[in-house]
Amino acid sequence: MSKIVESMYSIRMLDDLARKDTAIHKIHPAAKLLTTIAYLITVVSFGRYEISGLLPFVLYPMVIILLAELPAAQIFKRLLIIEPLIIGIGILNPLFDPRGWISFASIMIKSGLTVTACLILVSTTGLDKIAQALRTLRVPGVFVLQLILTFRYISLLTEELARMLRAYVMRAPLRKGVRLKDCGSFVGQLLLRTSDRAQRVYDSMKLRGFDGEYHSNGESRIAWRDVLFLISWSLFFIIARIHDIPAFLGLLLERVIG
Amino acid sequence: MHMADALISPAVGGAMTAAAAGVAAYSVKKIKNDLDDKAVPMMGVMGAFVFASQMINFSIPATGSSGHLGGGMLLAILLGPHAGFLTMASVLLIQALFFGDGGLLAYGCNVINLGFFTCFTAYPLIYRRITRKGLSSGRIFWASMISAVAGLQMGSFSVVLETLLSGRTELPFKSFVLLMQPIHLAIGVVEGLITAAVAAFVWKARPEILERVETGKTMGDVSIKKVLSVLLAAAVIIGGFVSWFASSNPDGLEWSIGRIAGTAELEASGGVHNFMANVQSKTAILPDYGFNTTDESETSEYAGTSVSGIAGGAMTLGLAALIGLAISAVKKKKTVRSRQH
């Protein structure tokens, strides 16, 4: 239960962050989405014993976090919640392989980078605009509509859940949580109540002209600045993927000193 | 149960995303004409419901492990396979974006693992077979129970395959399977109970929801489904082979090639990594800056252990930090200036 409340806070936080108005927020959602995908592909394409080559990839999330004025501490907190899952699988590597600690470290770095990339995408763009980007990239409208509604109904469902729990507790004051016997009908009731409410919400959305499509007056067109953003970051990713920048810097240092 | 970006290779991620996109496109085509003003919000509600229920972990007795609902089976039962699959896909996308649960590259893997095996395998082959003779509480219970367990077993086996094909962990196949399948059997039983309870309740309170799915046109014709399954299997196999070639340490492959060719060391044996290594050696700025070998693990070991490698790593991070400091300094100046004006 507390986990749902916590995740609601998290969703609200990320959604609020997406409403900021920085240079990064202004970039076209499709450009940000594609940049994120380029980043993920390059990071994940590194071999399992790679560590040094991954280090330059810290630059992207760091620059975005700073430019978009995101709270780094909050993002790291979310990261820490995810990490145990990765540790669970990765920790077995050292058992099966003498060099397992290297591959374990590599997995940890990769998961840190990839999760951060997703979180900064959503906190600089917001789900509505990501949905818009998906439409720009020709993803079927049925799916995008489904995505937006699911997202919006999450808060509807939790509100309904809170109301039902309050009612239940008031009728059974000394009981902790819902009795196992009542769980089936409790959950079923929750579903029916939420769907009734969702139906009303959807009807009124339709009455106000909602049809799941985005009608913009040209302001959402892709500008040269968006293209530049995508191309320059992608170039950086490719260069950092092909050349081991830390190894290069290390050799340079060796030469200067020697 | 969710695959993470860090555990997969681009080839596996790409192949699975292509497969998921194919199934999704097919589902969209199937339900497009059936979608009315009742079905659309229902899909949204079910998505929100599965999203919330995936947040609740229940512990598996006597194992110290815990699991959460997959929800694919419930979606298939209440919405039909096509709408269920699409709803699962949207839930997983929200989770990948907002929680880093799974990830964008592993997205296709997760959609297939949690959505495809439940909606397009367990549902038509098990659930529909049992409920074909008409709905009753008993039939709904056993159909949900068995199909939920089976769906999760297939899903978790698919996780094992994807992880192994990606070659990011050293888990041996046998121990990984012995770890994953029993624990997901336990999780599957709990999932089956919950699915059955919810489905039975909905059937009692609003029978029209289940009947609508049973008689709905959304079941589609079988032939396209067959074609699609073949396509999917092809994508998985191709993805597997590509990633095998692409994986940084293709032990078995190298060994067998070595036996056949008579040399253990081969110049580029194809694949993404070797292609990268080739480009690397051609475009190297410093002539002695490593990368003469095609084996990536050797170079990274060199970089990881040598003094220059460690110093270089530190310099990279230092450089990144400097850039960061510069950005925040400029930002601060700007905000101070804008406040003064």
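Procedures and definitions
- Residues numbered from 1 in each chain as written.
- Chains lettered and ligands numbered in written order.
- Predicted model: local features only at pLDDT ≥ 70, side-chain atom pairs only at ≥ 80, totals over all residues.
- Helix = DSSP H or I, 4+ residues; strand = E, 2+ residues; numbered from the N terminus.
- Buried ≥ 20, exposed ≤ 12 C-beta atoms within 10 Å, placed from the backbone.
- Contact = placed C-beta atoms within 7 Å.
- Core = buried A, V, L, I, M, F, W, Y, C linked by C-beta atoms within 7 Å.
- Nonpolar A, V, L, I, M, F, W, Y, C, P; charged D, E, K, R; others polar.
- pLDDT = per-residue confidence, 0-100.
- Axes fitted to C-alpha atoms, helices over the stretch in contact; angles between N-to-C directions.
- Parallel < 35°, antiparallel > 145°, perpendicular 65-115°, else oblique.
- Expected span 1.5 Å × (residues − 1).

1. Topic: the overall build of chain A
Turning to step 1, where the next piece is worked out: Across its full length, chain A holds twelve helices and zero strands.
Turning to step 2, where the next piece is worked out: Each helix (α) and strand (β) of chain A, taken in turn from the N terminus, gives the series α-α-α-α-α-α-α-α-α-α-α-α.
Turning to step 3, where the next piece is worked out: When the 258 residues of chain A are sorted by exposure, 45% land in the buried category.
Turning to step 4, where the next piece is worked out: Look at the contacts in chain A between residues 6 or more apart in sequence, and 82% of them connect residues 24 or more apart.

2. Concerning the nonpolar core
Turning to step 1, where the next piece is worked out: The biggest cluster of nonpolar side chains holds 152 residues, and the ones touching the most others in it are Val122(A), Ala89(B) and Leu97(B).
Turning to step 2, where the next piece is worked out: The residues contacting Val122(A), other than those within four sequence positions of it, are Leu14(A), Ala18(A), Leu127(A), Ile130(A), Leu97(B) and Phe98(B).

3. Topic: the interface of chain A and chain B
Turning to step 1, where the next piece is worked out: Each side of the interface is counted separately: chain A has 90 residues, and chain B has 86 residues.
Turning to step 2, where the next piece is worked out: Counting residues per element, the side of chain A that touches chain B draws most heavily on helix H9 (residues 141-171) of chain A, which supplies 13 residues.
Turning to step 3, where the next piece is worked out: Considering only residue class, the side of chain A that touches chain B consists of 56 nonpolar, 24 polar and ten charged.

4. Side note on unusual backbone geometry
Residues and elements named next belong to chain A.
Turning to step 1, where the next piece is worked out: Although it is not a glycine, Glu69 adopts a positive phi angle of roughly 55°.
Turning to step 2, where the next piece is worked out: Turning to its location among the elements, Glu69 is positioned in the loop between helix H4 (59-67) and helix H5 (72-90).
Turning to step 3, where the next piece is worked out: Despite not being glycine, Arg138 has its phi angle at roughly 70°, a positive value.
Turning to step 4, where the next piece is worked out: Relative to the elements of secondary structure, Arg138 occurs in the loop between helix H8 (127-136) and H9.

5. What about the confidence of the model for chain B?
Segments scoring low in pLDDT should not have their predicted coordinates read at a detailed level.
Residue and element names in this part refer to chain B.
Turning to step 1, where the next piece is worked out: Confidence in the prediction of chain B, expressed as mean pLDDT, is 73, and 68% of residues score 70 or more.
Turning to step 2, where the next piece is worked out: The secondary-structure element of chain B with the lowest mean pLDDT is helix H10 (residues 251-261), recorded at 36, while helix H3 (residues 72-79) shows the highest, at 91.
Turning to step 3, where the next piece is worked out: In the model output, the complex is listed with pTM 0.77 alongside ipTM 0.82.

6. Quick look at the packing of helix H3 (residues 29-44) of chain A against helix H7 (residues 100-125) of chain A
All names here are of chain A.
Turning to step 1, where the next piece is worked out: Where H3 meets H7, the closest approach of the two axes is 10 Å, and the angle between their N-to-C directions is 180°. Between H3 and H7, the angle is such that the two are roughly antiparallel. Listed contacts from H7 to Pro29, Lys32, Leu33, Thr36, Tyr39, Leu40, Val43 and Val44 of H3 are Lys110, Leu113, Thr114, Ala117, Leu121, Thr124 and Thr125.
Turning to step 2, where the next piece is worked out: Taken together, the residues of the contact of H3 with H7 sort by class into nine nonpolar, four polar and two charged.

7. Regarding helix H11 (residues 224-242) of chain A
For an α-helix the count is 3.6 residues per turn, leaving residues at separations of three or four pointing the same way.
Turning to step 1, where the next piece is worked out: Compared with the 27 Å implied by 1.5 Å per residue over 19 residues, the 27 Å span of H11(A) between its first and last C-alpha is a close match.
Turning to step 2, where the next piece is worked out: Among the residues of H11(A), Leu230(A), Trp233(A), Phe237(A), Ala240(A), Arg241(A) and Ile242(A) are the ones counted as buried.

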